Amino acid sequence: MTFLKNAWYAAGWEEDLSGDPIARTFLNEPVVLFRDSTGAAVALADRCPHRFAPLSLGKVEGDAIRCPYHGLVFDKGGACVRNPHGKGARPSSLSVRTYPLLTQNGMIWIWMGDKELAGGSRPPAYDFLTDNEHKTLHGSLHVRANYELVTDNLLDLSHAEFLHPFIMPEGVASTIKYSCLVEGDTIGAIHEMPDQDNTPLFRLLMPDVRRIDGRANNFWRAPANMYLDVGMRELDSGERRDCAIPQVHLLTPETEFSTHYFWAAARLLAKDDQRVDDAILAGFSNAFENEDEPMIRAVQERMGGVNLFELDPALLPMDEASVRARRELARLIRNEQESAAG
Amino acid sequence: MTFLKNAWYAAGWEEDLSGDPIARTFLNEPVVLFRDSTGAAVALADRCPHRFAPLSLGKVEGDAIRCPYHGLVFDKGGACVRNPHGKGARPSSLSVRTYPLLTQNGMIWIWMGDKELAGGSRPPAYDFLTDNEHKTLHGSLHVRANYELVTDNLLDLSHAEFLHPFIMPEGVASTIKYSCLVEGDTIGAIHEMPDQDNTPLFRLLMPDVRRIDGRANNFWRAPANMYLDVGMRELDSGERRDCAIPQVHLLTPETEFSTHYFWAAARLLAKDDQRVDDAILAGFSNAFENEDEPMIRAVQERMGGVNLFELDPALLPMDEASVRARRELARLIRNEQESAAG
Amino acid sequence: MTFLKNAWYAAGWEEDLSGDPIARTFLNEPVVLFRDSTGAAVALADRCPHRFAPLSLGKVEGDAIRCPYHGLVFDKGGACVRNPHGKGARPSSLSVRTYPLLTQNGMIWIWMGDKELAGGSRPPAYDFLTDNEHKTLHGSLHVRANYELVTDNLLDLSHAEFLHPFIMPEGVASTIKYSCLVEGDTIGAIHEMPDQDNTPLFRLLMPDVRRIDGRANNFWRAPANMYLDVGMRELDSGERRDCAIPQVHLLTPETEFSTHYFWAAARLLAKDDQRVDDAILAGFSNAFENEDEPMIRAVQERMGGVNLFELDPALLPMDEASVRARRELARLIRNEQESAAG
């Protein structure tokens, strides 16, 4: 399996990092993440260059991290700044790979590819997550499946009727007007659900509304970052009020067969209502962890490998966006490999 | 590993199937089994052709099963009869493989090979299991070993003295008169045990008998179905009464290294005695699950692979039937492969 | 992976063996160990030559062991001495490999290679373990890592400051005078720690001493047997008393990725003090099992394979002994293979 290397990947929510180092694997590479004394986020290869102990089992000392095995200390630039043995020799080989990080919209992003290319690139901006208008909730989960299967899941939301009764009531799937929209580097999966009953989800925010035009429009950008506009427009009154729970779904491959899944959901209504917070957190966590994850994992098990097209799936119109996204990602990976080879 | 494909395999006892689908793997292929609204047994590939979700996680609706992921509905012929999305397109690629089933003697049998060849073939008849004369008990277990190792176990019952005190008392092994009988497609392992003490097993049925001629004659047919005549003839009186607990032992490979093991045991005496039922069920379950299975699994672990002859076993006279059965099965598999290639 | 075959390996402490057979794997080969009726230790291949059941699940009968599956009995020479079936045929193929054993210094040693070469070789003598002067404690553990990583751990004891506060107080690593000494077939890792505070370990034996010259000198012999002289010389008084806890650390590969680790620690002081026994046993067990083992295992996981040099480690002066030991072992294995091939 080859991943797209030269891309920003979601590594963790801001609060995931502290002065206690954590170990996370991205694209098959073990990484240690921590904050230095200034609070700056640091990412290093989680393998001491001396004897290959995981630095994540060590301790952060000021701006550096100390290996738990022989006490070598590495700074955030990856250089060994202290060898507590003998004359303290620090040969240049005694250094550890660093990974560029940046923080944007509450997320810490990591660059797993060629460092020289990181500067010219930014992750997608999801400013609504951290503006002053929205109330935002977020979470994360671990999926035991290839990340593209999670993308597939999110680019065809017609599954919601069958997996997520909290989100989509029975009978709605057949009313979805599906279309695929390609604009620049974005592939959109448009789901319009005209004239339906208000959903349990939106009754949290607009309890009195009975009939709505629903929508769930998911905008993918490579490798696996999605902005999902879930919303409704009320039909009861002429006011035609709009209400939305805009979301992000950010996927980072851990290994070929496992995925870090980060999500956030924002809203403008009922921002101070703790019961709404609780219901959204519980409802979304349940949907993603107990409904989606087991299904995606079961699909992975049935597939065996990760190459969808080799298995000759019987594709339907609602697969258009995910098929396009898979093809675009394959093209980017191929280009990257050819650039590396050329 | 290659299995014999064109053969009927035991898939489950009749009561194993209901309107709730179950997942079973046979010969490495995942299968979903259920009963339709008429009670007819259905077997389909347990993988939706759309996105490869296990249909066994779905729901039976009338005569069909609904995929749990996107709600596609497949009938017992494997055709998609409902697509709840958009215009409900049902391209011909949207179909799932079916497996022929037939019910005989309480067992549901499945055909994993070329469907065209199923009609001309029947599984072995074991009519005593379902006649009106016998009382029959049955069970099943899962063995973490290749199925041919279970066949080996059953075609040389001299192991019973060492593993199964309930079935064969100490010292009996040395008195067994063993012979191998080949008749048509059947290979028999004949164990005669003349003039011995009555066993705990047969004291259940003939408690007053002290001395017996015992027998345990196992008749194998490919791929791994056995009729086992376990019996005794009393020696105490001139009446020479006979008493038997005729059995079947039906093995179906799950994977190369695991086996579905179905067994049944019938009798003509003490048919309404619940204590005898309980003792036979408990004794046999214990023998197969707690005595045989761990030993066969340990053998599998020590062997590593599945090719017995490559490991150059030191074979003894009592291995004759199992060696013949292995050779016959290998011949059938070779023939089948040559037919397929030719 | 290739192991050095023609060598004595530590198989178990004397008390590990009894009339109840135990299963241990050495160099990837399953072995059954037991004592016969005379108390002599026996080692046989743990796989019956008939049907490959583990003999270790069987029973010792007098001087022989009975296979649990079909009751064949094998004596300590590996010959089948009883076949309880039919005419009791015992073809010559019905024999099992024996492994030479010898007992020395409380340890049972096993020879996994060419039996003809065993006689001309002895394991290293560690007579202090079983003389009448020392009090000796010993233990064993299982390490989920390649045995050479455990050797690496033991030939560079500078890690003790970071992993083992009971053994080496903070700040000592930087004071270690390290040197590597090669003498005949022995490679020594010399750690001198002049003029330091007495350690928790040696306060057990010399509680009043405040300042010491410490030492920890480890003498390796292939494949992975070490004599470790851990000691101190008091500096408080002109008496300059010496105190030592001489040790052995004996490693035997179980598989490529797991190791049997046997250790013993002796002393001349406080020999009858149970509290000292308890403290040494608890301290050492904790250090090896809870501090070393998880770290060595984590290193193994980060390395993936077992070839250290392929991963291009950034070696430091204190790695000299372990690097020399790895090279010497590789040379011996290469020689052995060339001899076998030639």
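Residues numbered from 1 in each chain as written. Chains lettered and ligands numbered in written order. Predicted model: local features only at pLDDT ≥ 70, side-chain atom pairs only at ≥ 80, totals over all residues.

1. Observations regarding the overall build of chain A
In step 1: In terms of helices and strands, chain A carries five helices and 17 strands.
In step 2: Its C-alpha atoms give chain A a radius of gyration of 22 Å, near enough to 20 Å, the size a compact globule of 342 residues would have.
In step 3: Expressed as a percentage of its 342 residues, the buried residues of chain A come to 46%. (Helix = DSSP H or I, 4+ residues; strand = E, 2+ residues; numbered from the N terminus. Rg over C-alpha atoms; globule rule 2.2 N^0.38 Å. Buried ≥ 20, exposed ≤ 12 C-beta atoms within 10 Å, placed from the backbone.)

2. Looking at the sheet that holds strand S15 (residues 225–234) of chain A
Residues and elements named next belong to chain A.
In step 1: One open sheet holds the seven strands; their spatial order is S11-S17-S16-S15-S14-S13-S12, and the pairing between them is antiparallel. Of all strands in the sheet, those bounded by a partner on one side alone are strand S11 (135–143) and strand S12 (177–183). Neighbour to neighbour, the strand axes of the sheet diverge by 15 degrees on average, direction disregarded.
In step 2: Inspection of the sheet shows S12 paired to strand S13 (residues 186–197) by seven bridges, in the antiparallel sense. Bridge pairing in S13 links Tyr178 to His191.
In step 3: Helix H4 (residues 274–303) rests against S11 and strand S17 (258–267) of the sheet, and its axis sits at about 25 degrees to S11.
In step 4: Each of S12, S13 and strand S14 (211–221) is contacted by helix H5 (residues 320–341), which is oriented at about 165 degrees to S13, the strand it contacts most. (Pairing = 2+ DSSP bridges. Axes fitted to C-alpha atoms, helices over the stretch in contact; angles between N-to-C directions. Contact = placed C-beta atoms within 7 Å.)

3. What to know about the interface of chain C and chain B
In step 1: Taken residue by residue, the interface counts 21 residues in chain C and 21 residues in chain B.
In step 2: Per-class residue counts for the side of chain C that touches chain B are 12 nonpolar, seven polar and two charged. (Nonpolar A, V, L, I, M, F, W, Y, C, P; charged D, E, K, R; others polar.)

4. As for the relation of the copies chain A and chain C
In step 1: When chain A is brought onto chain C, the operation consists of a screw motion whose angular component is 120 degrees and whose axial shift is 0.1 Å, with 0.0 Å RMSD remaining. This pairing of chains is accounted for by a three-fold axis. It is A:Gly304 whose C-alpha, among those of chain A, lies nearest the rotation axis, at 13 Å. (Least-squares fit on C-alpha atoms with pLDDT ≥ 70 in both.)

5. Here's the deal with unusual backbone geometry
In step 1: The linkage connecting A:Ala222 with the following residue, A:Pro223, adopts the cis geometry, with an omega of 0 degrees.
In step 2: Topologically, A:Pro223 is positioned in the loop between S14 and S15.
In step 3: Positive phi is not limited to glycine here, since C:Asn105 has a value of about 55 degrees.
In step 4: You can see C:Asn105 is positioned in the loop between strand S9 (101–104) and strand S10 (107–111).
In step 5: Take C:Asn105: there are 19 C-beta atoms within 10 Å of it, and that puts it in the partly exposed class.
In step 6: In this model, C:Asp312 sits at a positive phi of 60 degrees, which is unusual for a non-glycine residue.
In step 7: In this fold, C:Asp312 is placed in the loop between helix H4 (274–303) and helix H5 (320–341).

6. Some details on the confidence of the model for chain A
In step 1: Model confidence for chain A is summarised by a mean pLDDT of 96, while 100% of its residues fall at 70 or above.
In step 2: Scoring of the predicted complex yields 0.95 for pTM and 0.95 for ipTM. (pLDDT = per-residue confidence, 0-100.)

7. Some details on the interface of chain A and chain C
In step 1: Facing the 21 residues of chain A at the interface are 21 residues of chain C.
In step 2: Residue classes in the side of chain A that touches chain C are distributed as 12 nonpolar, seven polar and two charged.

8. Brief notes about the sheet that holds strand S8 (residues 80–82) of chain B
All names here are of chain B.
In step 1: A sheet is described by the order of its strands in space; here four strands give the open sequence S5-S6-S7-S8, paired in antiparallel fashion. Strand pairing shows two members of the sheet lacking a second neighbour, strand S5 (59–61) and S8, which therefore form its edges. The sheet shows a mean angle of 40 degrees between the axes of neighbouring strands, taken without regard to direction.
In step 2: Where S5 and strand S6 (residues 64–66) come together, three bridges link them in antiparallel fashion. Note on S6: the bridge partner recorded for Glu61 is Ala64.

9. A few points about the pairing of strand S4 (residues 41–45) of chain A
In step 1: Most of S4(A) is tucked away: five of the five residues are buried.
In step 2: In this structure, the hairpin formed by strand S3 (residues 29–35) of chain A and S4(A) is closed by a connection of five residues, where A:Gly39 is found at a positive phi of approximately 90 degrees.

10. Thoughts on the environment of A:Leu137
All names here are of chain A.
In step 1: Mapped onto the elements of the fold, Leu137 is located in strand S11.
In step 2: Accessibility expressed as a C-beta count within 10 Å gives 20 for Leu137, which makes it buried.
In step 3: In the structure, Leu137 is positioned 17 residues away from Gly120 in sequence and 30 Å away in space, judged by C-alpha atoms.
In step 4: Beyond its immediate chain neighbours, meaning those up to four positions away, Leu137 contacts Ala264, Ala265, Asp277, Ile280 and Leu281.

11. Quick look at the pairing of strand S15 (residues 225–234) of chain C
Residues and elements named next belong to chain C.
In step 1: S15 sits mainly inside the fold: seven of its 10 residues count as buried.
In step 2: What sits between strand S14 (residues 211–221) and S15 in their antiparallel hairpin is a turn of three residues.
In step 3: As paired elements, S15 and strand S16 (residues 242–255) share nine bridges and run antiparallel to each other. Paired with Asp229 across the two strands is Pro246, which belongs to S16.

12. Section: the nonpolar core
In step 1: With 287 residues, the main nonpolar core has A:Ala11, A:Ile110, B:Ile110, C:Ala11 and C:Ile110 as its most contacted residues.
In step 2: Considering every element that reaches this core, the biggest residue donor is H4(C), with eight residues.
In step 3: For C:Ala11, the residues in contact, after removing those within four places along its chain, are C:Arg24, C:Phe26, C:Leu33, C:Ala43, C:Leu101, C:Ile108, C:Trp109, C:Ile110 and C:Thr252. (Core = buried A, V, L, I, M, F, W, Y, C linked by C-beta atoms within 7 Å.)

13. Focus on the environment of C:Glu293
Residue and element names in this part refer to chain C.
In step 1: Positionally, Glu293 belongs in helix H4.
In step 2: With 258 residues separating them along the chain, Glu293 and Arg35 place their C-alpha atoms 30 Å apart.
In step 3: With near-sequence residues (within four places) excluded, Glu293 lies in contact with Leu141, Val143 and Phe288.

14. Some thoughts on helix H1 (residues 147–155) of chain B
In step 1: In terms of burial, H1(B) is a largely internal element, nine of the nine residues being buried.
In step 2: All of the buried residues in H1(B) are B:Tyr147, B:Glu148, B:Leu149, B:Val150, B:Thr151, B:Asp152, B:Asn153, B:Leu154 and B:Leu155.

15. Things to note about the packing of helix H1 (residues 147–155) of chain A against H4(A)
Residues and elements named next belong to chain A.
In step 1: Viewed as axis vectors pointing N to C, H1 and H4 meet at an angle of 125 degrees, and their least axial separation amounts to 10 Å. Between H1 and H4, the angle falls in the class oblique. The element H1 and its partner H4 pack so that their crossing is right-handed. Between H1, through Leu149, Val150 and Asn153, and H4, the contact on the second element is made entirely by Asp292, Ile296, Val299 and Gln300. (Parallel < 35°, antiparallel > 145°, perpendicular 65-115°, else oblique. Left-handed = near helix turned anticlockwise from the far one by under 90°.)

16. What about the domain arrangement of chain A?
Residues and elements named next belong to chain A.
In step 1: By the assigned domains, chain A splits into domain 1 (8–117) and domain 2 (132–335).
In step 2: Taking the mean C-alpha position of each, domain 1 and domain 2 sit 34 Å from one another.
In step 3: At the interface, nine residues of domain 1 touch eight residues of domain 2.
In step 4: Of all elements in the fold, only strand S1 (8–13) and strand S2 (22–26) reach the threshold of two or more residues within the side of domain 1 that touches domain 2.
In step 5: No other element matches the four residues that S1 contributes to the side of domain 1 that touches domain 2.
In step 6: A class-by-class count of the residues in the side of domain 1 that touches domain 2 yields seven nonpolar, two polar and no charged. (Domains from an automatic or database assignment.)

17. Notes on the packing of helix H1 (residues 147–155) of chain C against H5(C)
All names here are of chain C.
In step 1: Running from N to C, H1 and H5 cross one another at 145 degrees; their axes reach a closest spacing of 8 Å. In this structure, H1 meets H5 at a crossing whose hand is right-handed. For the pair formed by H1 and H5, the contact residues are Glu148, Thr151, Asp152 and Leu155 on the first element and Ala321, Ser322, Ala325 and Arg326 on the second.
In step 2: Tallied by class, the residues present in the contact of H1 with H5 amount to three nonpolar, two polar and three charged.

18. Concerning the environment of A:Phe26
Residues and elements named next belong to chain A.
In step 1: Among the secondary structure elements, Phe26 is positioned in strand S2.
In step 2: Look at Phe26 and you get buried, because 22 C-beta atoms sit within 10 Å.
In step 3: It is 30 Å that separates the C-alpha atoms of Phe26 and Ile190, two residues lying 164 residues apart in sequence.
In step 4: If we ignore the near neighbours within four places in the chain, the residues touching Phe26 are Tyr9, Ala11, Val31, Ile110, Met112, Thr252 and Glu254.

19. Concerning H4(A)
Residues and elements named next belong to chain A.
In step 1: Between the first and last C-alpha of H4 there are 41 Å, a value that for 30 residues agrees with the 44 Å anticipated at 1.5 Å per step.
In step 2: Along H4, the sharpest kink reaches roughly 35 degrees, centred on Asp292 and followed within four residues by the proline Pro294.
In step 3: When H4 is considered as a whole, its buried residues turn out to be Ile280, Phe284, Phe288, Asp292, Glu293, Met295, Ile296, Ala298, Val299 and Gln300.
In step 4: Tucked into the core, H4 has its buried residues touching S11, H1, helix H2 (160–163) and S17. (Expected span 1.5 Å × (residues − 1). Bend = angle between axes of the 7 residues up to and from the residue.)

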